[in-house]
Amino acid sequence: MGGVLSRRHIKTVPAGAKRWSSTHSPSNHLTHINSEGKAAMVDVGDKPVSLRTAVATAVVVLGPKAFEMVQHNQLKKGDVLSVAQVAGIQGAKLTSQLIPLCHIVPLHKVDVTLKLDATRCAVVIEALCRSEGKTGVEMEALVAASVTALTVYDMCKAVTHDIVIEEVKLLSKTGGQRGDYMRS
C-alpha cells in the first residue's frame, strides 16, 4: 500500500486545546455578494499572482467490520484507499464545475493521503492543493477531502450504512492578500 497510506502522523487534539490561529485579516463583508446583494463571482484581475497552498482534512468513521475489511483490502469493489485517493485528486481538478462561483484554477499539485486510525475505526484524509495564481485553493482542497471521503463511503456502504463523515475542515492556507491561516 506504500507510504501514502501509512498510519503514522495521525494527531489528536486534546480536549480544550486551542483549535485555530491565523495571521490573516478576515474580510468585513461577503466577497461573493455584489452591491445589490446578489451572488457574484469575485473579480481577481487586479490581484497579484502568488504561490498558494491549502490543506484540508476529513475523517470517515467506518465501524469495526468495515474498517477491518478496508485494512485488509477485502472489499468486493476493490482497493478502497487507492480508488478514494484518485477520486479526491479528480475532485480537486473539477472544483470550479461543482462550486458555482469558484474560478478555474491551474493546479500545480494535488496530494491526497489516507491513513488508517485503528483507535477510531476511521480513515483520516488529508488533501493538499498548490497553485500559483490570483485566487486561493482552499475550495479545491476541501472538495478533494470531501470527494475522497464520499468515495470511501461509497465503496464501504455494502458492508454498513452506519458510516459517518466528519471533521471536513481547512487546516491551513498560504498566500494571497489576506495572508496565511493555520488551524492548530
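Residues numbered from 1 in each chain as written. Predicted model: local features only at pLDDT ≥ 70, side-chain atom pairs only at ≥ 80, totals over all residues. Heavy atoms only, no water.

Looking at an unreviewed UniProt entry, the protein chain carries the name cyclic pyranopterin monophosphate synthase, with the source organism given as Pleurodeles waltl. Its UniProt record gives the protein chain the following Pathway (unreviewed entry) comment, quoted word for word: "Cofactor biosynthesis; molybdopterin biosynthesis." Among the UniProt annotations of the protein chain, the heading Catalytic activity (unreviewed entry) holds the following wording: "(8S)-3',8-cyclo-7,8-dihydroguanosine 5'-triphosphate = cyclic pyranopterin phosphate + diphosphate". (UniProt positions renumbered as here; feature names shortened; annotations may be inferred.)

The next thing to look at is helix α1 (residues 64–71). Taken residue by residue, α1 has Ala66, Phe67, Met69 and Val70 as its buried positions. Buried residues along α1 cover an arc of 165 degrees about the axis, so they all sit on one side. Exposed residues pointing more than 90 degrees away from the buried face of α1 are listed as Pro64 and Lys65. The elements touched by buried residues of α1 are α2 (80–93), β3 (109–117), β4 (122–133) and α4 (138–156). Asn73 occupies a position one or two residues after α1 and carries a positive phi of about 50 degrees. (Buried < 20%, exposed > 50% of the residue type's maximum accessible area, 1.4 Å probe, protein only. Helix = DSSP H or I, 4+ residues; strand = E, 2+ residues; numbered from the N terminus. Arc of directions from axis to C-beta. Contact = heavy atoms within 4.5 Å.)

Another point: the pattern of salt bridges. Pairing between side chains of opposite charge can happen when their charged atoms approach one another. Across all of its chains, the model carries five salt bridges by this definition. The partner of Asp154 in a salt bridge is Lys77, with the nearest N and O atoms 3.4 Å apart. With Asp154 in helix α4 and Lys77 in the loop between α1 and α2, the pair connects residues that are 77 residues apart, well separated along the chain. The class for Asp154 is partly exposed, based on a relative accessible area of 32%. The salt bridge involving Arg120 is made with Glu167; its shortest N-O contact spans 3.1 Å. Of this pair, Arg120 sits in the loop between β3 and β4 while Glu167 sits in strand β5 (residues 164–174), placing them 47 residues apart in sequence. Taking relative accessible area as the criterion, Glu167 reaches 35% and is therefore assigned partly exposed. Residues participating in the shared-partner salt-bridge network are Asp117, Arg120, Glu167 and Lys169. (Salt bridge = Lys/Arg side-chain N within 4 Å of Asp/Glu carboxyl O.)

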